[in-house]
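Here is what each chain is made of, one letter per residue.
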Amino acid sequence: MRIHIATDHAGLDFSTHLQEHLAAAGHEVVDHGPSSYDPLDDYPAFCINAAKAVIADQQAGVEALGVVFGGSGNGEAIAANKVTGARAALVWNHSTAVLARQHNDANVISIGARQHTVEEATGFIDAFIAEPFSLEERHVRRIAQLAEFEATGDIAGKNVDH
């Protein structure tokens, strides 16, 4: 599987470790930055580029997921979710990593590098990658509603305020 990674300065050490770990597990890892430590760097472009690459790969039939991280993971998830088709979930434990894939078919996860040890984060990412989407009708329906809103600004028959 191709795994797209992005971070900010807070996650740079995680990034190095995770790239090595994921490559050793047989994944193709694409690093979207940063390439060096800058305490004043701006994460949005890095995370947006990773999410855009995940979507482009998936649309091309390439099995791909993304992992973005920073101090808390919040801003990184928000940035990734600005990309049409991205479903980025903030993950803070094993269960949220599994459920992100199982129920939400998340294609990107975000992790707070200052909130977890490298070992914890690695476990979350491994669980996320290993878990398939359940394909349960209720989850498929909900994801379709999100995609409809993303494309049209409405969800037909669901009383979205205008």
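Model, not experiment: these values are computed from the prediction.

**What to know about the packing of aromatic side chains**
Now for step 1: Counted by the stated rule, this structure contains one aromatic pair.
Now for step 2: Between the aromatic rings of F14 and F69, the centroid separation amounts to 6.3 Å while the plane-to-plane angle is 50°, which identifies the pairing as tilted. Linking F14 in helix α1 (residues 12–24) with F69 in strand β3 (residues 64–70), this pair joins segments that are 55 residues apart in sequence. With respect to burial, F14 and F69 carry one shared label: buried.

**A word on the pattern of salt bridges**
Now for step 1: All told, the structure shown has six salt bridges when counted by the stated rule.
Now for step 2: A salt bridge links D57 to R2, with the shortest nitrogen-to-oxygen separation between them at 2.9 Å. In this pair, D57 sits in helix α2 (residues 43–59) while R2 sits in strand β1 (residues 2–7), placing the two residues 55 residues apart along the sequence.
Now for step 3: For R2, a relative accessible area of 21% translates into the label partly exposed.
Now for step 4: Between R141 and E137 there is a salt bridge whose closest N-O contact spans 2.7 Å. In this pair, R141 and E137 are both assigned in helix α6 (residues 137–152), four residues apart and thus about one turn of the helix distant.
Now for step 5: Residue E137 is classed as exposed on the basis of its relative accessible area of 52%.
Now for step 6: Among the ionic contacts, a cluster of salt bridges with common partners joins R2, E28 and D57.

**Concerning the nonpolar core**
Now for step 1: Of all hydrophobic cores here, the largest spans 23 residues; its most connected members are I109, I111, I125 and F128.
Now for step 2: Among the elements of the structure, β1, α1, β3, α4 (94–102), β5 (108–112) and α5 (118–130) are those that each provide at least two residues to this core.
Now for step 3: In terms of residue count, α5 provides more of this core than any other element does, six residues in total.

**Looking at the pairing of β1**
Now for step 1: Counting buried positions over the six residues of β1 gives five, a clear majority of the element.
Now for step 2: By the bridge criterion, four bridges tie β1 to strand β2 (residues 28–31) in an arrangement that is parallel. Counterpart to I3 in the pairing with β2 is V29.
Now for step 3: Chirality of the crossover, the property in question, places the unit of β1, α1 and β2 among those that are right-handed.
Now for step 4: Strand direction decides the pairing type here: β1 and β3, joined by six bridges, are parallel. Within the sheet, the bridge partner assigned to A6 lies in β3 and is V68.

Parameters at a glance
- Residues numbered from 1 in each chain as written.
- Predicted model: local features only at pLDDT ≥ 70, side-chain atom pairs only at ≥ 80, totals over all residues.
- Heavy atoms only, no water.
- Phe/Tyr/Trp six-rings, centres within 6.5 Å; stacked < 30°, edge-to-face > 60°.
- Helix = DSSP H or I, 4+ residues; strand = E, 2+ residues; numbered from the N terminus.
- Buried < 20%, exposed > 50% of the residue type's maximum accessible area, 1.4 Å probe, protein only.
- Salt bridge = Lys/Arg side-chain N within 4 Å of Asp/Glu carboxyl O.
- Core = buried A, V, L, I, M, F, W, Y, C linked by side-chain atoms within 4.5 Å.
- Pairing = 2+ DSSP bridges.
- Right-handed = clockwise from strand over helix to strand, strands pointing away.

No statement about biological role is implied by the geometric values presented.
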